[in-house]
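Each chain, letter by letter, is given below.
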Amino acid sequence: AQSVSQHNHHVILSEAASLELGCNYSYGGTVNLFWYVQYPGQHLQLLLKYFSGDPLVKGIKGFEAEFIKSKFSFNLRKPSVQWSDTAEYFCAVTSAGKSTFGDGTTLTVKP
Amino acid sequence: GAGVSQSPRYKVAKRGQDVALRCDPISGHVSLFWYQQALGQGPEFLTYFQNEAQLDKSGLPSDRFFAERPEGSVSTLKIQRTQQEDSAVYLCASSLWTSGGAETQYFGPGTRLLVL
């Protein structure tokens, strides 16, 4: 069975600080990896995804993530956060149509 | 175009009552997914369809939960004899296709179910 672990439940940063959110998964087969974001009052939406090729993937709004197969990790990064990045972030792994999500990290960016 | 819509947005049910939650996927999307999200947790997979075929229902927590998509578009998640532990947000998502899981899923706003 696949599982996803997000280490940080709540992160508080000041604007312009750098962000890294951890995500580790456990699954031995081929996986597709996703980061989703849920802004206050909005739907879950895709931030970025990895399914093959370059392990460093870039998403919307300046976010990027690096797939490190040997570490079963897919950490999310942003060099300089903005107040508008305040949201909940979910890491997910999908295989054979079935998606498993982490419990999410709430990011609060102080202006 | 229109996104995934779900109705009702909120539902309060008395314990033991049956409920039906509806999902309208994005037009033309072949795959449809249901998730249950408890407070403070991530979405948990319930079931998914490819057109009208239910390909995986391994996440349905009990035989009180039943999902259908008879014409390959709109889907209904039915919960019979609701229990308090069924209180959660039920999310629906659709994707153009499911080719091993690389397709992006588009999520609806969810239905918040509260069982008293």
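Please refer to the structure higher up on the page.
Cut-off values and rules
- Residues numbered from 1 in each chain as written.
- Chains lettered and ligands numbered in written order.
- Predicted model: local features only at pLDDT ≥ 70, side-chain atom pairs only at ≥ 80, totals over all residues.
- Heavy atoms only, no water.
- Helix = DSSP H or I, 4+ residues; strand = E, 2+ residues; numbered from the N terminus.
- Rg over C-alpha atoms; globule rule 2.2 N^0.38 Å.
- Buried < 20%, exposed > 50% of the residue type's maximum accessible area, 1.4 Å probe, protein only.
- Contact = heavy atoms within 4.5 Å.
- Areas by Shrake-Rupley, 256 points an atom, 1.4 Å probe, with all protein chains shown as cover.
- Patch = residues over 30% accessible without salt bridge, like charges linked within 9 Å, V, L, I, M, F, W, Y side chains within 5 Å.
- Salt bridge = Lys/Arg side-chain N within 4 Å of Asp/Glu carboxyl O.
- Buried area = accessible area lost by both parts, 1.4 Å probe.
- Polar contact = N/O pair within 3.5 Å; in protein donor to acceptor, adjacent residues only side chain to side chain.
- Nonpolar A, V, L, I, M, F, W, Y, C, P; charged D, E, K, R; others polar.
- Core = buried A, V, L, I, M, F, W, Y, C linked by side-chain atoms within 4.5 Å.

A. Focus on the overall build of chain B. A count of helical and extended segments in chain B gives zero helices and eleven strands. The linear arrangement of helices and strands in chain B, starting from the amino end, is β-β-β-β-β-β-β-β-β-β-β. In summary, chain B has a C-alpha radius of gyration of 13 Å against a globular reference of 13 Å for 116 residues, a match within 12%. Each principal axis of the C-alpha distribution contributes one length, and for chain B these read about 40 × 25 × 25 Å. Taken across its 116 residues, chain B has 49% of its residues classed as buried. Of the contacts formed within chain B by residues at least 6 apart in sequence, a portion of 53% connects residues at least 24 apart. Summed over its atoms, the accessible surface of chain B is roughly 5600 Å², and 48% of this surface lies on carbon and sulfur atoms.

B. Summary view of a nonpolar patch on the surface. Judged by side-chain polarity, B:Val12, B:Leu114 and B:Leu116 come together as a nonpolar surface patch covering roughly 290 Å² of accessible area. Topologically, B:Val12 is positioned in strand 2 (residues 10–13).

C. Broad picture of the pattern of salt bridges. Residues and elements named next belong to chain A. What the rule picks out here adds up to seven salt bridges over all chains. The residue Glu 66 makes a salt bridge to Arg 77 at a minimum N-O spacing of 3.3 Å. Of this pair, Glu 66 sits in strand 8 (residues 64–68) while Arg 77 sits in strand 9 (residues 73–78); the two residues are eleven residues apart in sequence, bridging distant segments of the chain. One connected set of salt bridges, linked through shared partners, spans Lys 58, Glu 64, Glu 66 and Arg 77.

D. Spatial organisation of the environment of B:Lys11. Residues and elements named next belong to chain B. Within the secondary structure, Lys 11 sits in strand 2. Given the relative accessible area of 27%, Lys 11 is considered partly exposed. Residues Lys 11 and Leu 21, spaced ten residues apart in sequence, show a C-alpha to C-alpha distance of 8.9 Å.

E. Looking closely at the interface of chain A and chain B. Between chain A and chain B, the residue contacts involve 18 residues of the former and 23 residues of the latter. Interface of chain A and chain B: buried area, both sides summed, is about 1600 Å²; carbon and sulfur atoms make up 54% of it. At the junction of chain A with chain B, the criterion picks out zero salt bridges. For the pair chain A and chain B, the number of links is six residue pairs in polar contact (both at pLDDT 80 or more). Sorting the residues of the side of chain A that touches chain B by element identifies strand 5 (32–38), strand 6 (44–50), strand 10 (87–95) and strand 11 (98–101) of chain A as the ones contributing at least two each. Looking at the side of chain A that touches chain B residue by residue, the class counts come to eight nonpolar, seven polar and three charged.

F. Quick peek at the nonpolar core. With 28 residues, the main nonpolar core has A:Leu33, A:Trp35, A:Leu47, A:Leu48, A:Phe74, A:Leu76 and A:Tyr89 as its most contacted residues. Only strand 2 (10–14), strand 3 (19–21), strand 5, strand 6, strand 8, strand 9, strand 10 and strand 12 (105–110) of chain A provide two or more residues apiece to this core. Ranked by residues supplied to this core, first place goes to strand 10 of chain A with four residues. If you look at the next biggest cluster of nonpolar residues, it comprises 20 residues, including B:Val19, B:Cys23, B:Leu32 and B:Leu60.

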